[in-house]
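What follows is each chain in one-letter form.
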Amino acid sequence: MNYIDYIVIGIYLLFSVLLGCRKHARQTTTEQYFLAGRNMKWLPVAIALFAALFSSISYIAMPGEAFNFGCTLTLGGIINILALPVMLFVFLRFFYDMKLWTINEYLEKRFSVTVRIICGSLFLVARCLYLGVVLYATAMLLTHTFGISAFTAILLTGVVSTIYTYFGGMEATIWTDVMQFVVLLGGVLLVIGVVAWELPGGIGGIWEIAQENHRTFNIGPDSGFWDISMTERITIWPWLIGLPFAMFLPATEQINLQRCMTCKNFKEVTRAISTSTICNPFICFIFYFSGLAVFAYFKVLHPELASNSDGDNAFCHFISHYLPVGTRGILVAGIMAAVMSTISAVENSLATVWVKDVYQRVLVTNRDDQHYVKAAKLSTFAIGTIACVFGLSILMIFGGRDIPLLEVSNVILGMIGTFTSAIFLLGLLTYRTSARGMVIGLIVGAPVVIYSYIFRYLLAEPSERWSFMLVALPTTITILVVAYGYSLLTGGADPQTRRYVIWSRWNRKDKVEQSDFNPKTLR
């Protein structure tokens, strides 16, 4: 790295922090701190929905996936587009009308306080682990570009991000996401442009080299894409199985829902969600294409690197060694700023869940709003510390296991996300599932998830490893069968919970008046 790159990085990080902190004086209420006063318009929210979970993981993992295996995973975005109308106008509208703070408020009405706290706790653990993955991914990049140790990189990024998050608030987080997204996309286009300029054939030449080496869309008859197999890495069946889940899961994701709740009305939500979902696969393809560009560059100019490098490291190596002076600083600064933005977004949601679902609901009730604002900010520091610990743990667990970063991310989120998926599926779609049945199902599912993820994936030999796209399936089926079966055998759910099943919207006797969704009654 040249000193010019360091100057560019320093200036950009300083500007990001100042932009994030300029809204600090307005963070005087929990509604402002967590929901930006419920007064945002659609365009910045649309960008924030895309950028919130699009960080250093995306910058490394997506190009790394394309470098190693091709672009087949981009096809998964089509599923979300197909599911969009149902997800938006049925499920998200259902939750938006409740004026929720967290999605777990709904679970208290549908099941019980116990289920609300369980789901809130699962979210806290899952997203803290996710922050650990983000820090791990960032450490990979900083190790290859700056030459500092991964341990130092995790601590440095985690501490700086947590300080920034403390001052941010939701409004500052959203507007910072807008700026970060422009830089993120610009950085990837820079990589593609540099390669296209140096290789014969430009953009077309990159694609031709990728096709010759089976790095585009591997969906032919002999590709394994159509096989029914637990060990085939990518097949169409997980996406088809996941289509019903895609119709409601994005609406139950706290980070997505919280951003939608910042919009002034549902018309703004519709524009934001539609724009983000439809544009997602096209923008993701640009990131995958940058991986193809790096592969083509190495294949033509450095063939030894193309054959001996894994995608995650190859992309980092390209940034640090082959981009022009100054442009490396822009790209790395953008990635670091995106990490800060992602951590800010996730930590704000984690603080919301902790304060609203646990602290205010169970531990310390009936205090003034200023007390909970202070609790939210203190929670941010605690969450940042935990994220750093998880980042170091993931470094030790996955560092020597030759598992691509994209799979690490999916596995970390899938281990616990499987439980919440089952909870919302049964809660929203079945009248009979009871709170006790749901808890029993989660208990029985715990050893299954340990067996699936630990013994059939993490510790398994690569040739016998279950597909990371299917590893959640046994746990999901177990929870659904046990929870619903137990509920049927023990008399079903409380009749008063019928109105919180999605079908009640079209059943006149079950319809809930708008006043029933007053969030004050949920806390």
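Going by the structure above, here's the rest.
On a predicted model such as this, the values are computed, not experimentally measured, just so you know.

Chemist: Can you explain the pattern of salt bridges? Please cite residues and give values.
Modeler: The tally for this structure, following the rule as stated, stands at five salt bridges. One salt bridge in this structure joins D97 and R93, with 3.1 Å as the shortest N-O distance. The class for R93 is partly exposed, based on a relative accessible area of 32%. With a closest N to O distance of 2.5 Å, R116 and E108 form a salt bridge. E108 gets classed as buried once you look at its relative accessible area, which sits at 15%.

Chemist: Now, about the packing of aromatic side chains: what can you tell me, with residues and values included?
Modeler: A full pass over the atoms with the stated rule returns 20 aromatic pairs. Arranged with centres 5.6 Å apart and planes meeting at 55 degrees, the rings of Y96 and F266 form a pair that is tilted. Linking Y96 in helix α5 (residues 77-96) with F266 in helix α13 (residues 266-301), this pair joins segments that are 170 residues apart in sequence. Residues Y96 and F266 agree in their burial class; the two are buried. Lying across the ring of F266, R93 places its NZ or CZ 4.6 Å from the centre.

Chemist: If you had to explain the environment of A376 to someone new, which residues and values would you point to?
Modeler: Within the secondary structure, A376 is located in helix α17 (residues 369-398). Taking the C-alpha atoms as reference points, A376 and Y359, 17 residues apart in sequence, are found 9.7 Å from one another. Apart from residues no more than four positions distant in its own chain, A376 is found in contact with Y33, F34, A351 and V355.

Chemist: Describe in detail the nonpolar core, supporting the description with residues and values.
Modeler: What tends to happen in soluble globular proteins is that the nonpolar side chains get buried as a cluster. Counting residues in hydrophobic clusters, the biggest one holds 151 residues, and the most contacted among them are L92, F95 and Y106. Broken down by element, the residue count for this core peaks at 17 residues, all from helix α8 (residues 150-198). Beyond its immediate stretch of four places on either side in the chain, Y106 contacts F94, F95, M98, L100, F424, G427, L428 and Y500.

About the thresholds
- Residues numbered from 1 in each chain as written.
- Predicted model: local features only at pLDDT ≥ 70, side-chain atom pairs only at ≥ 80, totals over all residues.
- Heavy atoms only, no water.
- Salt bridge = Lys/Arg side-chain N within 4 Å of Asp/Glu carboxyl O.
- Buried < 20%, exposed > 50% of the residue type's maximum accessible area, 1.4 Å probe, protein only.
- Phe/Tyr/Trp six-rings, centres within 6.5 Å; stacked < 30°, edge-to-face > 60°.
- Helix = DSSP H or I, 4+ residues; strand = E, 2+ residues; numbered from the N terminus.
- Lys NZ or Arg CZ within 6 Å of the ring centre and 35° of its normal.
- Contact = heavy atoms within 4.5 Å.
- Core = buried A, V, L, I, M, F, W, Y, C linked by side-chain atoms within 4.5 Å.

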